[in-house]
Amino acid sequence: MAAYTRTESRAWAREKLIGAVNCTIPSFTADLLNLNEKGIRHDIALAKEHGFIGSLAIGEVSISLDEYIEFVRISKEEAGDDFFICHHACFNTLEENIEMAQRAEAAGADLILLTYPPSFYPETEDEVFEYTTAFADATGLAIILFPMTIWNFSRLHPSDISTRLTRRILDAAPNVAVIKAEGGYPNIMNAVECHRLFGDEVVISVPIEGDLIPLSQVIPIQLSATSDHEYFGPLIPRIMQLIRDGKHDEATELYWRLHPARVAKNGLFAAVHGGSVLNRMGWKFQGWLQGYNGGPLRMPTMRLQDKQMKGYRAALIEAGFDIPDEPFKNFFIGRNPA
C-alpha cells in the first residue's frame, strides 16, 4: 500500500520524486508463454544501479491483466522501499483502468502514469475531465497527468490538455501530483507554461532529455518521469545530480557528448514509431544496448530492422559509450533466457 494518503499525494511527490524514472518492459520466457522473472529483476536492479529513482512498468505490450499485476509485484519486490514502481494506466476502458489501478496498488505500485485508451475519442474537454477525474477518484495513488500528442487531443487544444482543463483537473483531483509536460510535442512551451501556472502546486516533470538538461539550468525541474532514459545508461541521473549541485558546465558538457545519440534517437523516432505508436521493441533494444535484459516480445508487436538497430548502436558509440559488439540475435534471446 502507498506510504501516503490521497490528500498527501502532492506533498509526497514534492519530497520523494527527485531524479529520473526510466521504463521497464516486461520480459518473457523463450516460448513466450510466461513472464521471465529473472529478466524483470535484472532490469529493475540495473535501473537502481544506474541511479534511477523508479521505473514505469510498461503495460503497452501483449500481456494479460493477471500477468501485468504479477509483473508489478515482481518489480516492486526487487525494487524495495527506496525505488518507486509506477503503474501504467494504459488498458482498454475506464472501468478496466480503474480495476487495474486498484490491483496494481495492492501489488505494490507507488504511483500511476495516466494514459487514455485508443478507443477514447472525446469531442469536448469536458469528456477528458470526466474520464480523468473518475479515474482519480477511484485510486489513492498519486497520478502523473500526461498531456501528449498521441492521445489525439490536439483536436481540442494544440497543447493536447490545455492549461484551462489542467486547472479544472487539479482543483477536482488532489491526487494528481505530477504533470508530465509533453503537450504539443515537440516544443518546450508546455513545460514552461505548466511550470509558470502550476509549479507551486504539483511537480512538473520534463521527460525529454534534450529539453530537460537546458531547461533545468534556468527553471527548477526536480523530476524527469517517465522516459526511455535507459538508452543513455546512467547519464541522465548523473546529469540531473550535477544540475542540482550547480555544476552546469559539467552537465552541459555531457549534454553535448550525448548529442550524436540524441540526434539518431530523434531521427529514428518517425521511422520506428510511426509518429503515433510507440515501438516497445525499439525501446527494449535501446535498453539492451546498455546492459538491460532485452528478450522476445509477443505478437502483436512492431518489428526492428537491422538498419535501425545499427543506427541506435552506432550513435551510442559515437557518444562515447562502450557498447559491446554483440550479435543482434542475442537481443531476441535476452541476457537472462528462461
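Quick note: structure is the one above.
A few points on the structure. (Residues numbered from 1 in each chain as written. Predicted model: local features only at pLDDT ≥ 70, side-chain atom pairs only at ≥ 80, totals over all residues. Heavy atoms only, no water.)

1. Some words on the overall build of the chain
Okay, step 1: Regarding its fold elements, the chain presents 14 helices and eight strands.
Okay, step 2: For 338 residues, the compact-globule estimate of 2.2 N^0.38 gives 20 Å, and the chain sits close to it at 19 Å.
Okay, step 3: Residues counted as buried form 59% of the 338 residues belonging to the chain.
Okay, step 4: Within the chain, contacts between residues at least 6 apart in sequence are counted, and of these 75% link residues at least 24 apart.
Okay, step 5: Computing the positive centroid from 31 side-chain charges and the negative centroid from 44, the chain places the two 4 Å apart. (Helix = DSSP H or I, 4+ residues; strand = E, 2+ residues; numbered from the N terminus. Rg over C-alpha atoms; globule rule 2.2 N^0.38 Å. Buried < 20%, exposed > 50% of the residue type's maximum accessible area, 1.4 Å probe, protein only. Contact = heavy atoms within 4.5 Å. Lys, Arg positive; Asp, Glu negative; His and termini not counted. Charge placed at Lys NZ, Arg CZ, Asp CG, Glu CD.)

2. Describing the pairing of strand β6 (residues 176-180)
Okay, step 1: Of all five residues in β6, five are buried, a share of seventy percent or more.
Okay, step 2: Note that strand β5 (residues 142-145) and β6 share three bridges and pair parallel. Looking at the pairing, L145 lines up with I179 of β6.
Okay, step 3: Crossover handedness for the path β5 to helix α6 (residues 163-172) to β6: right-handed. (Pairing = 2+ DSSP bridges. Right-handed = clockwise from strand over helix to strand, strands pointing away.)

3. Focus: the layout of surface pockets
Okay, step 1: Put simply, the second largest pocket is a space of about 520 Å³.
Okay, step 2: E182, I208, S227, D228 and W283 are, among the 35 residues lining the second largest pocket, the residues nearest its centre.
Okay, step 3: Elements supplying a minimum of two residues to the lining of the second largest pocket: α8 (209-215), α11 (259-273) and α12 (280-289).
Okay, step 4: Among the elements that make up the lining of the second largest pocket, the one with the highest residue count is α11 (five residues).
Okay, step 5: Of the residues assigned to the lining of the second largest pocket, the class counts are 16 nonpolar, ten polar and nine charged. (1 Å grid on protein atoms, 1.4 Å probe; cavity = no way out; pocket = protein on both sides within 12 Å on 5 of 7 lines; lining within 4 Å. Points joined across faces, edges and corners; volume = space filled by probe spheres on them. Nonpolar A, V, L, I, M, F, W, Y, C, P; charged D, E, K, R; others polar.)

4. Digging into the environment of S9
Okay, step 1: By the element assignment, S9 lies in helix α1 (residues 9-16).
Okay, step 2: On the basis of relative accessibility, which here comes to 0%, the residue S9 falls in the buried class.
Okay, step 3: Spatially, the C-alpha atoms of S9 and G320 are 40 Å apart, while their sequence positions differ by 311 residues.
Okay, step 4: The contacts of S9, once residues within four sequence positions are left out, are Y4, G140, L141, A142, P174, N175 and A177.

5. Let's talk about the pairing of strand β2 (residues 54-57)
Okay, step 1: Side chains G54 and L56 of β2 all project onto a buried face; the interleaved residues S55 and A57 project onto the opposite face, where all are buried too.
Okay, step 2: Here strand β1 (residues 19-24) pairs with β2 via four bridges, running parallel. If you follow N22 over to β2, its bridge partner there is S55.
Okay, step 3: Where β2 lies against strand β3 (residues 84-89), four bridges are found, and the strand directions are parallel. Of the residues in β3, the one forming a bridge with A57 is H87.
Okay, step 4: Remark: the β2/helix α3 (residues 65-79)/β3 crossover connection has right-handed handedness.

6. Brief notes about the state of the cysteines
Okay, step 1: Within this structure, the stated rule accounts for zero disulfides.
Okay, step 2: Note on C86: no disulfide assigned, nearest cysteine sulfur contributed by C23 at a separation of 8.7 Å.
Okay, step 3: By relative accessible area, C86 is classed as buried at 2%.
Okay, step 4: Here C194 is not disulfide-linked; the sulfur of C86 is the nearest cysteine sulfur, at 17 Å. (Disulfide = S-S within 2.5 Å.)

7. Quick notes on helix α7 (residues 189-198)
Okay, step 1: Residues of α7 that are buried include every one of N190, A191, E193, C194 and F198, and no others. Burial along α7 is one-sided: seen end-on, the buried residues are contained in an arc of 165°.
Okay, step 2: For α7, the elements touching its buried residues are α6, β6, β7 (203-205) and α8. (Arc of directions from axis to C-beta.)

8. A word on the packing of aromatic side chains
Aromatic rings considered in pairs are described by the distance between their centres and by the relative angle of their planes.
Okay, step 1: In total, this model carries 20 aromatic pairs according to the counting rule given.
Okay, step 2: Summarising the aromatic geometry, the rings of Y116 and W151 are spaced 6.0 Å apart at their centres and angled 65° between planes, so their arrangement reads as edge-to-face. One end of the pair, Y116, is in the loop between β4 (111-114) and α5 (125-137); the other, W151, is in the loop between β5 and α6, with 35 residues separating them in the sequence.
Okay, step 3: Residue Y116 is classed as buried on the basis of its relative accessible area, which comes to 5%.
Okay, step 4: Linked through ring pairs, Y231, F232, F285, W288, Y312, F328, F331 and F332 together constitute an aromatic cluster.
Okay, step 5: Directly above the aromatic system of F129 lies the positively charged group of R168, at a separation of 4.2 Å from the ring centroid.
Okay, step 6: In this structure, R262 is placed above the aromatic ring of Y255, and the distance from its NZ or CZ to the ring centre is 3.8 Å. (Phe/Tyr/Trp six-rings, centres within 6.5 Å; stacked < 30°, edge-to-face > 60°. Lys NZ or Arg CZ within 6 Å of the ring centre and 35° of its normal.)

9. Here's the deal with the packing of helix α4 (residues 94-107) against α5
Okay, step 1: Put simply, α4 and α5 touch, their axes get as near as 9 Å, and they point 25° apart. It follows from the interaxial angle that α4 and α5 lie roughly parallel. In this structure, α4 meets α5 at a crossing whose hand is right-handed. The segment α4 lies against α5, with L94, N97, I98 and A101 engaging Y131, A134 and F135.
Okay, step 2: Grouping the amino acids of the contact of α4 with α5 by side-chain chemistry returns six nonpolar, one polar and no charged. (Axes fitted to C-alpha atoms, helices over the stretch in contact; angles between N-to-C directions. Parallel < 35°, antiparallel > 145°, perpendicular 65-115°, else oblique. Left-handed = near helix turned anticlockwise from the far one by under 90°.)

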